[in-house]
Amino acid sequence: MSVESLMSGLIGALAGGLITGGFTIYAINRTETFAKSSAAENEAGLVRSLLHAIHDELEVVFERYRRHVAPQVEALQPNTPFALFFPVNNDYFTVFNGNAHLVGKIKDHDLRRSLVRTYVLAKGLVDTFRMNNHMLAELERAEELAAATGLESDEKVRRERYAALCDYGALIQKDHYEALSAYEDLFRRLHKNGVLSQ
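Here the residue numbering is sequential within each chain, running from 1 through the sequence in written order. Where totals are concerned, whole chains, interfaces and linings use all residues; where local detail is concerned, this predicted model gives features only for residues with pLDDT of at least 70, and gives and counts side-chain atom pairs only at 80 or more. Calculated side-chain values reflect all of the structure's heavy atoms, with hydrogen atoms and water omitted.

(A) Inspection of the confidence of the model for the protein chain at higher detail. Note: pLDDT gives the predictor's confidence per residue, expressed from 0 to 100. Summing up the model confidence of the protein chain, the mean pLDDT is 86 and the portion of residues at 70 or higher is 78%. To qualify as a helix, a DSSP run of H or I must reach at least 4 residues; to qualify as a strand, a run of E must reach at least 2; elements of each kind are numbered from the N terminus. The spread of mean pLDDT over the elements of the protein chain runs between helix H1 (residues 3-68), the lowest at 73, and helix H2 (residues 70-75), the highest at 97.

(B) Focus on the nonpolar core. For our purposes a nonpolar core is just a set of buried Ala, Val, Leu, Ile, Met, Phe, Trp, Tyr and Cys residues, chained together by side-chain atoms within 4.5 Å. Working definition: with a 1.4 Å probe on protein chains only, accessible area under 20% of the residue-type maximum means buried, over 50% means exposed, and in between means partly exposed. Ranked by internal contacts, the top residues of the largest apolar core, which has 41 residues, are Leu51, Leu58, Tyr65, Leu115 and Phe129. For this core, the elements supplying multiple residues, two or more each, are H1, H2, helix H4 (109-149) and helix H5 (152-192). For this core, the leading source of residues is H4, giving 11 residues. Residues count as neighbours in contact if any of their non-hydrogen atoms are within 4.5 Å of one another. When sequence neighbours within four positions are dropped, the list of residues in contact with leucine 58 reads Phe93, Thr118, Tyr119, Tyr183, Leu186 and Phe187.

(C) Looking closely at the environment of glutamate 143. Looking at where glutamate 143 falls in the secondary structure, it is placed in helix H4. Counting along the chain gives 14 residues from glutamate 143 to valine 157, while the straight-line C-alpha distance between them is 8.7 Å.

(D) Here's a closer look at the packing of aromatic side chains. For Phe, Tyr and Trp, rings pair up if their centres lie within 6.5 Å, where Trp contributes its six-membered ring, and each pair is then called stacked (planes under 30 degrees apart), edge-to-face (over 60) or tilted (otherwise). If you walk through the whole model with that rule in mind, you get eight aromatic pairs. The interplanar angle of 25° and the centroid separation of 4.2 Å between the aromatic rings of phenylalanine 62 and tyrosine 183 together place this pair among those described as stacked. Of this pair, phenylalanine 62 sits in helix H1 while tyrosine 183 sits in helix H5, and the two are 121 residues apart along the sequence. A residue is classified by how much of its surface remains accessible, and phenylalanine 62, at 5% relative accessible area, is buried. Seen from their ring centres, phenylalanine 86 and phenylalanine 129 are 5.0 Å apart, and the 80° between their planes marks the pair as edge-to-face. Of this pair, phenylalanine 86 sits in the loop between H2 and helix H3 (94-99) while phenylalanine 129 sits in helix H4, and the two are 43 residues apart along the sequence. Taking relative accessible area as the criterion, phenylalanine 86 reaches 12% and is therefore assigned buried. The exposure class assigned to phenylalanine 129 is buried, which follows from its relative accessible area of 1%. Aromatic rings pair up to connect Tyr65, Phe82, Phe86 and Phe129 into one cluster.

(E) Main features of the environment of leucine 145. With respect to the helices and strands, the residue leucine 145 is situated in helix H4. Residues leucine 145 and arginine 158 lie 13 residues apart in sequence; the distance between their C-alpha atoms is 8.5 Å. If we ignore the near neighbours within four places in the chain, the residues touching leucine 145 are Gly150 and Asp154.

Here it is, written out as structure tokens:
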């Protein structure tokens with residue numbers, strides 16, 4: 001074997017290796033680019049689906065609330081208690097709670113903030129009604145006790161519970177209007193982002 005044929009073989013092997021390596025790197029880069037593009041498309045689709053589900057969840061919850069409770073809250077006069085026992089024992093926000101880990105993937109900061117604000121205020125409103133229900137039950141017990149005993153001390157407790165409920169009525173109205181305002185803001189933002197038109 002001559003040096004010339006050895007060199008020719010070596011140069012051919014080296015050129016073949018470089019060409020193969022170059023195409024391998026090219027193929028890896030294309031695969032990686034495709035995978036990133038596909039992952040980004042999947043994530044965008046997931047976020048779109050989440051926003052649609054959140055829209056539907058809030059629409060149903062707030063429609064029911066507006067139909068059954070909001071009129072009484074809005075009609076509440078100053079210094080009067082909200083005397084309606086509103087059963088709020090369930091979790092009305094299953095879509096949000098089950099997918100809260102995806103909220104951070106919403107790229108629009110204002111939309112994401114509006115969504116979180118709406119849920120925080122809506123959950124706060126639910127807590128407000130739970131507390132009002134508790135206070136109504138406490139007033140009922142105080143009224144029964146005051147009627148049964150006729151004692152001034154029991155009547156004083158009844159008056160204090162009633163006064164606390166009157167003060168709490170104003171908080172219910174405040175929380176009601178804040179939650180509705182946040183809901184309307186969120187729906188404007190969802191519409192602006194194309195969620196309602198898809």
